[in-house]
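So you can see what is in the structure, the chains are spelled out below.
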Amino acid sequence: MDSRNTYAWPREATGGDATTLERWLAGHGWEVDPTVFMAGARGPAVQIRRIGAAWQDGEPGLLVLPGETVEFDGARMRTARGPVPAAAVAP
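What about the packing of aromatic side chains?
- If you walk through the whole model with that rule in mind, you get 1 aromatic pair.
- Measuring from ring centre to ring centre gives 5.9 Å for Tyr 7 and Trp 24, while their planes differ by 35 degrees; the resulting arrangement is tilted. Placement of the pair is Tyr 7 in strand S1 (residues 6-8) and Trp 24 in helix H1 (residues 15-26), with a sequence separation of 17 residues. A single burial state applies to Tyr 7 and to Trp 24, both of which are buried.

Right, dumping it as C-alpha cells:
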C-alpha cells in the first residue's frame, strides 16, 4: 500500500496524532467530524467525513477506531483490510 493513501490511527492517540490525521485527511478532501468524540480504553475513536458534504443526505462518514488503518482509494475512505506494513503509514 502507498503511504500517501493510508493512515494508521494509533491506539492511545495524542493531540499530535490528531493534527497529523487532519492534515492527511485534508489532502484527500476529508476532515475529522468535530461533532463526534468517542473516548475508549484503547484511545479515542474519530469520525471522518468529506469536506463540505451535505450530511443531511445520509452520508454518515466513517468511524475510525484506535489501532485501525484508514485507506483512501481515490474516491472514498475505508478501513484497510488485513495487516498494513509499517512502511505504509503516513508520516
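Next comes the rest of the account.
What to know about the nonpolar core
- With 15 residues, the main nonpolar core has Leu 21, Trp 24, Leu 25, Ile 48 and Met 77 as its most contacted residues.
- At the level of elements, H1, strand S2 (30-32), strand S3 (46-50), strand S4 (62-64) and strand S5 (69-72) are the ones that each hand at least two residues to this core.
- Here this core takes 3 residues from H1, the largest share from any one element.
- Beyond its immediate chain neighbours, meaning those up to four positions away, Ile 48 contacts Leu 25, Trp 30, Glu 31, Val 32, Asp 33, Gly 61, Leu 62, Val 64, Val 70 and Met 77.

Some thoughts on H1
- Here H1 is 12 residues long and its end C-alpha atoms lie 16 Å apart, about the 16 Å a rise of 1.5 Å per residue gives.
- Where H1 is concerned, the buried positions are Thr 20, Leu 21, Trp 24 and Leu 25. The buried side chains of H1 occupy one side of the element, clustering within an arc of 135 degrees when seen end-on. Within H1, the exposed residues directed more than 90 degrees away from the buried face are Gly 15 and Arg 23.
- Elements that come into contact with the buried residues of H1 comprise S1, S2, S3, S5 and strand S6 (77-79).

How each quantity is defined
Residues numbered from 1 in each chain as written. Predicted model: local features only at pLDDT ≥ 70, side-chain atom pairs only at ≥ 80, totals over all residues. Heavy atoms only, no water. Phe/Tyr/Trp six-rings, centres within 6.5 Å; stacked < 30°, edge-to-face > 60°. Helix = DSSP H or I, 4+ residues; strand = E, 2+ residues; numbered from the N terminus. Buried < 20%, exposed > 50% of the residue type's maximum accessible area, 1.4 Å probe, protein only. Core = buried A, V, L, I, M, F, W, Y, C linked by side-chain atoms within 4.5 Å. Contact = heavy atoms within 4.5 Å. Expected span 1.5 Å × (residues − 1). Arc of directions from axis to C-beta.

Everything listed here is a matter of coordinates, which is why it stays silent on function.
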